[in-house]
Amino acid sequence: MALSHIASVKYYGVSACVPKTVLRVADYEKYTPEKAALFSKQTGIVERRWAKDGLIASDMCLKAAQDLLADLKWDPGSLDGIIFVSQSMDYPLPATACILQNRLGAPKSCLAFDIGMGCSGYVYGSAVAASMVSSMRLKRLLLLVGDNAISFLTPESTSSYPLFGDAGTATAMGFDEQAPEMFFDLNTDGSGYHHIIRKYGGFRHPIDGPEAFEFKDVPDAPGAKMRGVDSYVAGAPIMEFAMREVKPSVLRVLGEAGLSPEQVDFMFAHQANRLINETVRKMAKIAPEKHPYSLTHYGNTSAPSIPLTMVAGAAQALRERSVTSLLTGFGVGLSWGSAVIRTRQISCPPIAEI
Amino acid sequence: METLIENLKANVDALEDVELTAQTDFVHLPQWDSLALLSTMAMIASEYGVNIESQAIAGCKNLVDLETLINSKR
């Protein structure tokens with residue numbers, strides 16, 4: 001069982017960057033005003049940010065990282081590690097983290113690699129980052145988590161397109177023997193890999209013929225169309241998956257940390273949609289005021305949704321107080337995980353816009 | 001049945017203004033879509049404390065079937 005606690009890792013801070021361009025659900029040309037209002041009421045998503053004109057995940061992560069380094073007064077030359085978590089890499093190869101090492105001005109002695117995960121990516125990335133910081137005694141590591149989630153879909157995919165938004169984030173961790181332990185619970189069910197999938201563009205289905213670009217009906221979504229290169233999201237199976245798996249994962253990690261739900265200051269959950277999140281929150285017995293949302297103004301941003309929610313929904317508390325956070329990410333894979341992280345007056349600069 | 005209808009109207013936005021009876025073939029209403037299905041699953045989880053699979057809801061002929069389904073899991 002992938003349930004563990006990791007000692008001697010200090011969580012120094014978190015930051016986020018979003019594109020300037022706002023896409024309002026009310027302006028989505030495929031919806032009537034009534035449909036748009038109903039969609040926003042049900043999903044909680046009013047608008048999201050769109051990285052257009054070539055802006056990509058690593059650009060947003062770079063800006064978030066620069067703001068965080070400045071706020072922490074960390075010289076980029078002092079970095080020991082960079083981990084980039086995304087499903088929107090710069091190139092199929094090389095790893096985007098290598099390019100970011102150079103763009104950030106980090107030294108050659110800095111380790112750098114990518115992790116290709118989505119909705120659960122922040123919990124997975126944090127577990128890998130914390131493990132390496134703890135075992136390798138890395139003083140300064142950046143975990144950069146971002147996605148171009150809007151580009152995963154076509155506007156013709158009317159059941160899913162208005163859910164998603166683009167964002168990049170940065171998290172700073174480092175070795176500190178005085179730091180409180182972090183707790184992680186990590187899980188996988190690959191039998192559900194087809195419930196959230198972008199079929200074309202990898203080696204299984206290369207983009208080498210017209211079938212990757214032919215519009216076809218989206219299953220169980222009347223009127224919606226998508227191509228092979230677009231992502232498919234099956235709403236009902238994902239809802240069932242979240243209802244089945246998230247609560248046990250949350251209870252395992254809280255048990256490992258010796259905490260009850262009442263002792264948690266915040267539950268930062270992957271921002272799927274309000275229906276799924278409210279169901280998960282109620283099942284975990286977390287009070288509504290302890291479960292902030294970033295999806296109202298930023299949508300479902302995939303991997304960066306948890307750190308974006310921390311910055312958008314709890315910046316003041318994170319800056320000023322000691323905070324016990326419960327993190328839970330769930331989705332594409334299928335993959336899910338939860339964490340308990342305790343922080344004390346961390347760096348949390350305002351959300352940057354580029 | 002009255003409670004189930006109240007719960008649906010209060011929690012499933014798409015059904016808010018629809019006249020519902022025990023015999024309503026709700027999954028074939030024009031207002032029924034994927035978000036209505038998710039809302040119904042969420043309502044059943046929070047109001048009745050049981051998880052009902054989407055395929056089982058899709059198989060209901062009317063609200064009597066849905067009520068029977070919920071009661072079978074409680």
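Scroll up to find the structure this text is about.
Note that the structure is a prediction, hence the values are computed from the model and not measured.

(A) The pairing of strand E6 (residues 111-115) of chain A, seen in detail. Residues and elements named next belong to chain A. Sheet topology note: the strand E5 (residues 81-85)/E6 ladder contains 5 bridges and is parallel. Residue pairing across strands places Ile82 opposite Ala112, the latter belonging to E6. Taken together, E5, helix H3 (residues 96-104) and E6 constitute a β-α-β crossover, and its handedness is right-handed.

(B) Inspection of the interface of chain B and chain A at higher detail. If you look at the interface, chain B gives 17 residues, while chain A gives 17 residues. Interface area, chain B with chain A, both sides summed: about 1500 Å², of which 61% is carbon and sulfur. By the criterion of area lost to chain A, the three top residues of chain B are Asp13, Leu35 and Leu38 of chain B, representing 38% of everything that side buries. Run the count over chain B and chain A and you get 3 salt bridges. Between Lys41 of chain A and Glu16 of chain B there is a salt bridge, with the nearest N and O atoms lying 3.4 Å from each other. Viewed at the interface, chain A and chain B are joined by 5 residue pairs in polar contact (both at pLDDT 80 or more). Those elements that place two or more of their residues in the side of chain B that touches chain A are helix H2 (34-48) and helix H3 (54-58) of chain B. The element best represented in the side of chain B that touches chain A is H2 of chain B, accounting for 9 residues. Class assignment for the residues of the side of chain B that touches chain A results in 8 nonpolar, 5 polar and 4 charged.

(C) Inspection of the environment of Val229 of chain A at higher detail. Residues and elements named next belong to chain A. Within the secondary structure, Val229 sits in the loop between strand E12 (225-226) and strand E13 (231-233). Taking relative accessible area as the criterion, Val229 reaches 9% and is therefore assigned buried. Taking C-alpha positions, Val229 is 41 Å from Arg319, a pair spaced 90 residues apart along the chain. Aside from chain neighbours lying at most four places away, what touches Val229 is Arg198, Tyr200, Ile207, Ala212 and Phe213.

(D) Inspection of the sheet that holds strand E14 (residues 266-269) of chain A at higher detail. All names here are of chain A. The 5 strands are arranged E1-E9-E16-E15-E14 in an open sheet whose pairing can be described as mixed. This sheet does not close on itself; its edge strands, each paired only once, are strand E1 (3-6) and E14. On average, each strand axis in the sheet is tilted by 20° relative to the strand beside it, whichever way the strands run. When E14 meets strand E15 (residues 322-331), the two strands line up parallel, connected through 4 bridges. Pairing of Phe266 across the sheet is with Ser325, part of E15.

(E) Structural context of helix H4 (residues 121-136) of chain A. Compared with an ideal rise of 1.5 Å per residue, which puts 16 residues at 22 Å, H4 of chain A spans 22 Å between its outermost C-alpha atoms and is within 8% of the ideal. Remark: Arg137 of chain A follows H4 of chain A within two positions and exhibits a positive phi of approximately 55°.

(F) How the structure looks around the pattern of salt bridges. Residue and element names in this part refer to chain A. All chains considered together, the criterion is met by 15 salt bridges over all chains. Its salt-bridge partner being Lys30, residue Glu156 comes within 3.1 Å of it at the nearest N-O pair. Of the two residues, Glu156 is situated in the loop between strand E7 (141-148) and strand E8 (166-175) and Lys30 in the loop between strand E3 (22-24) and helix H1 (33-43); the sequence distance between them amounts to 126 residues. By relative accessible area, which is 30% here, Glu156 ends up partly exposed. For Asp67, the salt bridge is made with Lys63, and the minimal N-O distance between the two is 3.0 Å.

The rules we used
Residues numbered from 1 in each chain as written. Chains lettered and ligands numbered in written order. Predicted model: local features only at pLDDT ≥ 70, side-chain atom pairs only at ≥ 80, totals over all residues. Heavy atoms only, no water. Pairing = 2+ DSSP bridges. Helix = DSSP H or I, 4+ residues; strand = E, 2+ residues; numbered from the N terminus. Right-handed = clockwise from strand over helix to strand, strands pointing away. Contact = heavy atoms within 4.5 Å. Buried area = accessible area lost by both parts, 1.4 Å probe. Salt bridge = Lys/Arg side-chain N within 4 Å of Asp/Glu carboxyl O. Polar contact = N/O pair within 3.5 Å; in protein donor to acceptor, adjacent residues only side chain to side chain. Nonpolar A, V, L, I, M, F, W, Y, C, P; charged D, E, K, R; others polar. Buried < 20%, exposed > 50% of the residue type's maximum accessible area, 1.4 Å probe, protein only. Axes fitted to C-alpha atoms, helices over the stretch in contact; angles between N-to-C directions. Expected span 1.5 Å × (residues − 1).

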